[in-house]
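Each chain, written out:
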Amino acid sequence: MIEQSFPHIHIDAHTKTRPQYVMAGPCSAETETQVLQTAKELAAIGIDYFRAGIWKPRTSPGSFEGVGVEGLSWLAKAKTLYGIKVATEVATAKHVEEALTAGIDLLWIGARTTVNPFAVQEIADALQGVNVPVMVKNPINPDLALWIGAMKRLMNVGITDMIACHRGFHVYEKTRFRNAPLWEIPLEFKRKFPDIPLICDPSHICGNREMLTEVAQKAMDFGYEGVIIETHPTPDAAWSDAAQQITPTVFAQLLAELTVRKTFSDDIFTNSRLLQIRDEIDTIDERLIELLAARMQTVRRANTLKEEKGLSYFRPDRWAELQTHCSEVADKLGMNQNFVVKLFDMIHLECIGLEKEGNI
Ligand code: PEP
Ligand code: MN
């Protein structure tokens, strides 16, 4: 699949030094000059897809809503002049038709569209019989099922070349991100669909330039297959998302700084050492489970005694004491106290569950 979509790059899982999927380009196509200048510079750096929004879904009316269909011809021109593949966002069946007519190579579904099954189905229906690569951004709300549902609608009409794009989620609390990454959601996606490439959009996660490298690197550390980064010749003057865009030169530096993690090592010593460590982990896990079983047995003994003496099973003060104790031990061992307390809450709940089932 990768070879098919990117015939010009040949990636060896053991030797790759850059992400498999590199996409860059402005948030929005603004003028023909801006599109061509950015495309020329990015083509020289080497990217897999040039991105530019033509139709921009904006939170408030009155913001720049994209140049519309006229911009498609600028993308087509960039494609011919610089030999790059081009990508744009579609939100309606009409967008799909117009983009395909203009020869756009990859269509993406934006976060505000992924949330709407009617809109996604309309796009899917318009793609029936057209096997174009489609990238699906995560929905703005943290809902993995909705993201997967959108992808399934596309698979159902025969789209085989799909990419999942992690652009962060809207959460009510204020965080240092524009859109909270909530890494556990895309990682669960990756676990469920290991064959669908997952790429990271640090631009929309961060909302600023300063944190882009950190987030892109984290995605690489988690084994993501690529990045999409907003790039503009004069970022401060961009008509949309100015604060997060970077120049092609800065983009090239970012790309060069990324450490891409390999899935496998070709060094037999590393592999055998890893196998040995994994064996040790498995042994520790077995011991943990044995210890947990022993703990459960001990709780049962305590409860039998309570039963005999007419004492209540649950004592909030004892539970609080236990939490404090666990937290102190965790701290001494340099562990995350929150994690340890949460873990013991679960263990405790399981004990209460046993009581409910009358097993003790
Ligand atoms: C975009 O890529 O410019 C965009 C609008 O992204 P999102 O749908 O992730 O907000
Ligand atoms: Mn944007």
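Calculation notes
Residues numbered from 1 in each chain as written. Chains lettered and ligands numbered in written order. Predicted model: local features only at pLDDT ≥ 70, side-chain atom pairs only at ≥ 80, totals over all residues. Heavy atoms only, no water. Patch = residues over 30% accessible without salt bridge, like charges linked within 9 Å, V, L, I, M, F, W, Y side chains within 5 Å. Areas by Shrake-Rupley, 256 points an atom, 1.4 Å probe, with all protein chains shown as cover. Salt bridge = Lys/Arg side-chain N within 4 Å of Asp/Glu carboxyl O. Helix = DSSP H or I, 4+ residues; strand = E, 2+ residues; numbered from the N terminus. Buried < 20%, exposed > 50% of the residue type's maximum accessible area, 1.4 Å probe, protein only. Donors = N, O, S within 2.8 Å, 3.2 Å for Na, K, Ca; no water.

### Things to note about a nonpolar patch on the surface
Where nonpolar side chains cluster on the molecular surface, the patch consists of V329, L333, M335, F339 and L343 and spans about 450 Å² of accessible area. Relative to the assigned elements, V329 resides in helix α13 (residues 316-332). What makes V329 partly exposed here is its relative accessible area of 35%.

### Side note on the coordination of the manganese ion (ligand 2)
Coordination of the manganese ion (ligand 2) by the protein is provided by C27 (SG), H204 (NE2), E230 (OE) and D241 (OD), with metal-donor distances spanning 2.1 to 2.4 Å. The exposure class of E230 is buried, given its relative accessible area of 1%. Note on D241: relative accessible area 16%, which makes it buried.

### Topic: the pattern of salt bridges
What the rule picks out here adds up to 13 salt bridges. D201 is paired through a salt bridge with K137; the nearest N and O atoms lie 2.7 Å apart. Of the two residues, D201 is situated in the loop between β7 (198-200) and α9 (202-206) and K137 in strand β5 (residues 134-137); the sequence distance between them amounts to 64 residues. Pair check on accessibility: D201 and K137 agree, each one buried. Each of E188, R191 and K192 takes part in salt bridges that share partners, so that together they form one network.

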